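# Inside the fold
Letter by letter, the chains look like this.
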Amino acid sequence: MRRLILLLAVLLPVIAIAQPTWEHRVIGGDLSWPVDVTAADFDGDGDYDIVSSGNRLVVWENSGNGQFWIEHEISGNYASARIDAGDMNGDGAPDIVTSNNTDDVIQWWENTNNSFDFTLHGISNNPIGYDFELDDFDMDGDIDLITSGYSEDRRVKWWENLNEPGLHLIMHAISSGSDNINDFTIGDMDNDGDKDIIVTSYNGDYPPTGYLRWFRNTDGHGTLWNEVSIVEDYPAYSCIAGDFDRDGFIDIVSGVDPGIPYVDILTYWRNINGNGLNMVEIVIDDFIYYSSVHYMDAADIDGDLDIDLVATQYGMENHIVYYENVDGFGNDWGEQVIEEIECRQPIAVDLDLDGDLDIVAGEQDSDDPYNDEVHLWEHQNSQITEIQVLAPNGGEIWRTDTPHNIYWNSTRPEDVRIELFYDNQLVETITESTENDGVCNWLIPENLLTGDLYSIRLQIVGSPEQDFSDEPFSITSLPSLTIEPFQPSTIIPAAGGGYWYWVQIVNPSPFPVSGQLWAQLVLPNGNTYGPIANEVISIDPNSTYQPSSPHGQFVPGYAPPGIYQHVMAIGIRPNLVIDTDSFTFEKLAGTSGPTRPESQWSVSDWAMNGTPPVSTDDPQQTGQAIPTEFALLQPHPNPFNPTTSFTVQLPETANLQVTVHDITGRLVATLANGSVSAGAHTLTFDGSGLASGVYFLHALTADQHQSRKLLLLK
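Notes on the structure in this doc start here. Since the model is a prediction, treat every value here as computed from it, not as a measurement.

Conventions adopted
- Residues numbered from 1 in each chain as written.
- Predicted model: local features only at pLDDT ≥ 70, side-chain atom pairs only at ≥ 80, totals over all residues.
- Heavy atoms only, no water.
- Pairing = 2+ DSSP bridges.
- Helix = DSSP H or I, 4+ residues; strand = E, 2+ residues; numbered from the N terminus.
- Axes fitted to C-alpha atoms, helices over the stretch in contact; angles between N-to-C directions.
- Phe/Tyr/Trp six-rings, centres within 6.5 Å; stacked < 30°, edge-to-face > 60°.
- Buried < 20%, exposed > 50% of the residue type's maximum accessible area, 1.4 Å probe, protein only.
- Core = buried A, V, L, I, M, F, W, Y, C linked by side-chain atoms within 4.5 Å.
- Contact = heavy atoms within 4.5 Å.
- Salt bridge = Lys/Arg side-chain N within 4 Å of Asp/Glu carboxyl O.
- Polar contact = N/O pair within 3.5 Å; in protein donor to acceptor, adjacent residues only side chain to side chain.

## Comments concerning the sheet that holds strand S29 (residues 372-379)
With antiparallel pairing, 4 strands are arranged side by side in an open sheet as S2-S29-S28-S27. The sheet terminates laterally at strand S2 (22-31) and strand S27 (343-349), the two strands that pair on one side only. Across the sheet, the mean angle separating the axes of adjacent strands is 20° when strand polarity is ignored. Examined bridge by bridge, S2 and S29 share 7 bridges and lie antiparallel to one another. The residue of S29 that forms the bridge with Gly-28 is Val-374.

Listed below in structure tokens is the structure:
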């Protein structure tokens, strides 16, 4: 049983795509079987002209927009099969190279003065090839010739362009010539910097036979070759090379006859390691009804920076087809039948100079072979496909000092203009670019009104084509954040403790604001730790967010001593910071043991579990009145597990010692031991390492002493 899918074959359905539109034109006619067409600027006026083969050799002069064409007949009786254009003699003007349809003789026509005046030169009087490609094969700056033939000499050869440009070519054999080479293409299969040759072989007997192989340019100079098999028992009509998965390695697409009546397939061979020795097959189209893909071109048809295909299906059903590389990596392909027509070699080229690629192919009408035409399908899909304003808050853009991003994508790589509108009135031009997709940074001008009727427009310069952002968005004034510690000076004992602070956020805009409020610490060594707190907030228009109780923060005993900065921010973490505020506090040094490295810290250890203190002042006033007497307030919670918090009130600065003892009087923790400023100071005791039972909390100054009983229940 013959293999239908060889090696590792992944069958992927041809999926539906957003189909571009095409406008069909006829470039010229009165031809017989124009197998091949190619494009070049033969008159040097900046646009592409078309040369076609057939019973006549004709150049069609482009008027500049691809709509009007002037015929220039080079030869009225010339049965050319394949045709290409390149500067054979190095004079800067493209010449024409043709293969004769009857005897495999290849000739070139010198473009003498950029005025469609051509002089014929023979390359060889002997049959040297039916199929050929032009390429600087030895990379010496001139155009060489690679050929294969159906005649007695079937070898693949390359012809080195020597000292007399275009007039002196030396032949180098690549293959032995024992097989029917149906097609070949050029690419650096082993990624070593030189040109290799990929070939297909096809014998149309039933069952058909053939293979897909490549010839390694072993010495890099085209004199030593090594034949490498990709897959045998593989009757392949055609092949084309390109980096279809954007990994930097040359891959292959091939049209194949699997030997099943009425079925042909189109396959893509991925070059996995870049050495051409590990190729994986992916089926692009696995049911081409009694038609074969003999001819293809590879180019970025849709302008999305990957390589697509345009192909002709030839047989019982005749189509010109566009295959879109949908995911950009050759895994998913979309198919669009552009037109039902019998054509041969298609090419993708921008004939109307609008920035996208059009398609040209020569017709071969079996019913009327002496009235064939060269056809153009002009790419009309030039609409803008996407524009997006990166609004951080569900359609609201905050007026910040940080630029906002505007993303866009257009199928036309022409000049684009990004404009800001308010209530359908132009406000300003944000940027102009020649890229068809990209991102720009936009800093909101200070003079822009606050409002909810803004939109962004992407305009193709010099064209009526435009698109607006999908949804209008609002520009809101910047919320402001203020934080202030509950007491003016915050001292954390060596054993750890907590502190409280007020938070206020003012939203001056007429729109509701939602976002995040988070806190982090700048440590004594300058590192940042956190977020140690994070919450989602929502503030009504023209309102203030101000909780009636202060926020709390615990500092564990293992935190190193020194000066800390408590920083709070509002915005959208981590990239958008709308406003910040901060204050400092100090953690005292002690002898309770070494601190932990930061890598072993846990945010949960920094959570404050105590009850917020009650200010003697209006809660909207930050700060607290100085206590009038010394007091150790009741811990909360009590009983506790494993932490409890309490407040020590000092009427004046004093040396404060706060300790915890067990029922036998043994000291189990020192929570403060040093000078502490006047005010209410909240501390936390952590009994994680202690057994359940009764403990006593003591607060002492030089002339004051109070105690509280604690009950630890685990």
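Okay, back to it.
## Comments concerning the environment of Thr-185
Relative to the helices and strands, Thr-185 is located in strand S15 (residues 181-187). Taking the C-alpha atoms as reference points, Thr-185 and Ala-241, separated by 56 residues in sequence, lie 6.4 Å from one another.

## Looking at the pairing of strand S51 (residues 667-676)
As paired elements, strand S50 (residues 654-662) and S51 share 8 bridges and run antiparallel to each other. Residue His-661 lies in a different strand from S51, and its bridge partner there is Leu-667. Here S50 folds back onto S51 in antiparallel fashion, the turn holding 4 residues, of which Gly-665 has a positive phi close to 95°.

## Points about the sheet that holds S50
Sheets are built from strands paired through backbone hydrogen bonds, the pairs being either parallel or antiparallel. With antiparallel pairing, the 4 strands of this open sheet are ordered in space as S51-S50-S53-S54. The two strands at the open ends of the sheet, each matched to only one other strand, are S51 and strand S54 (705-712). Recorded for the sheet is a direction-independent mean angle of 15° between the axes of neighbouring strands. One ladder, built from 6 bridges, connects S50 with strand S53 (residues 693-700); its direction is antiparallel. By the bridge assignment, Gln-657 is partnered in S53 with Leu-700.

## Observations concerning the packing of aromatic side chains
We describe a pair of aromatic rings using the distance from one ring centre to the other and the angle between the two ring planes. By the definition in use, this model includes 19 aromatic pairs. Geometrically, the ring pair formed by Phe-640 and Phe-685 is edge-to-face, given 5.9 Å between the ring centres and 65° between the ring planes. Placement of the pair is Phe-640 in the loop between strand S48 (631-632) and strand S49 (643-650) and Phe-685 in strand S52 (residues 679-686), with a sequence separation of 45 residues. We note that Phe-640, like Phe-685, is buried. Ring pairs connect the aromatic residues Tyr-499, Tyr-501, Tyr-564, Phe-583 and Phe-585, which therefore count as one cluster.

## Notes on unusual backbone geometry
A cis amide bond links Asn-638 with the next residue in sequence, Pro-639, at an omega value of 5°. On the secondary structure map, Pro-639 appears in the loop between S48 and S49. In this structure, the amide linkage connecting Asn-641 to the following residue, Pro-642, adopts the cis form with an omega of -5°. Within the secondary structure, Pro-642 sits in the loop between S48 and S49. With a phi close to 55°, Asn-114 is a non-glycine residue in the positive phi region. On the secondary structure map, Asn-114 appears in the loop between strand S9 (106-111) and strand S10 (118-122).

## Some points on the nonpolar core
Soluble globular proteins tend to bury their nonpolar side chains together. In terms of nonpolar packing, the biggest core is built from 28 residues, with Val-503, Ile-505 and Leu-517 touching the most fellow members. Listed by contribution, the elements that provide at least two residues to this core are strand S39 (480-485), strand S41 (496-507), strand S42 (513-522), strand S43 (528-539), strand S46 (562-572) and strand S47 (576-587). Among all residues touching Val-503, those that are not within four sequence positions of it are Leu-481, Thr-482, Ile-483, Leu-517, Tyr-545, Gln-546, Pro-547, His-551 and Met-568. Residues Phe-640, Val-648, Leu-650 and Val-676 belong to the second largest nonpolar core, which totals 21 residues.

## So, the pattern of salt bridges
On inspection of all chains with the given rule, the structure shows 13 salt bridges. Where Arg-56 meets Glu-71, a salt bridge forms, and the shortest distance between an N and an O atom there is 2.7 Å. Here Arg-56 is found in the loop between strand S4 (49-52) and strand S5 (57-62), whereas its partner Glu-71 is found in strand S6 (residues 69-75), with 15 residues between them in sequence. We note a salt bridge from Glu-227 to Arg-213, for which the minimum N-O separation is 2.8 Å. Here the residue Glu-227 occupies a position in strand S18 (residues 225-231), and Arg-213 occupies one in strand S17 (residues 209-217), the gap between them amounting to 14 residues. Three or more residues are tied together by salt bridges with common partners; here these are Glu-23, Arg-25 and Glu-378.

## What about the side chain of Ser-201?
Its location among the elements puts Ser-201 in strand S16 (residues 196-203). The buried category is assigned to Ser-201, whose relative accessible area is 7%. When near neighbours in sequence (up to four residues on either side) are disregarded, Ser-201 contacts Asp-179, Asn-180, Asn-182, Thr-209, Gly-210, Tyr-211, Tyr-234, Pro-235 and Ala-236.

## Topic: the side chain of His-379
Note on placement: His-379 falls in strand S29. A distance of 3.2 Å separates a polar atom in the side chain of His-379 from the backbone oxygen of Leu-357. Each residue touching His-379, except ones within four places of it in the same chain, is listed here: Pro-20, Thr-21, Trp-22, Ile-301, Asp-354, Asp-356, Leu-357 and Asp-358.

## Overview of the environment of Ala-311
Secondary-structure assignment places Ala-311 in strand S24 (residues 308-315). Residues Ala-311 and Gly-255 lie 56 residues apart in sequence; the distance between their C-alpha atoms is 9.8 Å. Sequence-distant contacts of Ala-311, defined by excluding residues within four places in its chain, comprise Val-293, Tyr-295, Met-296, His-319, Ile-320, Val-321, Tyr-323 and Pro-346.

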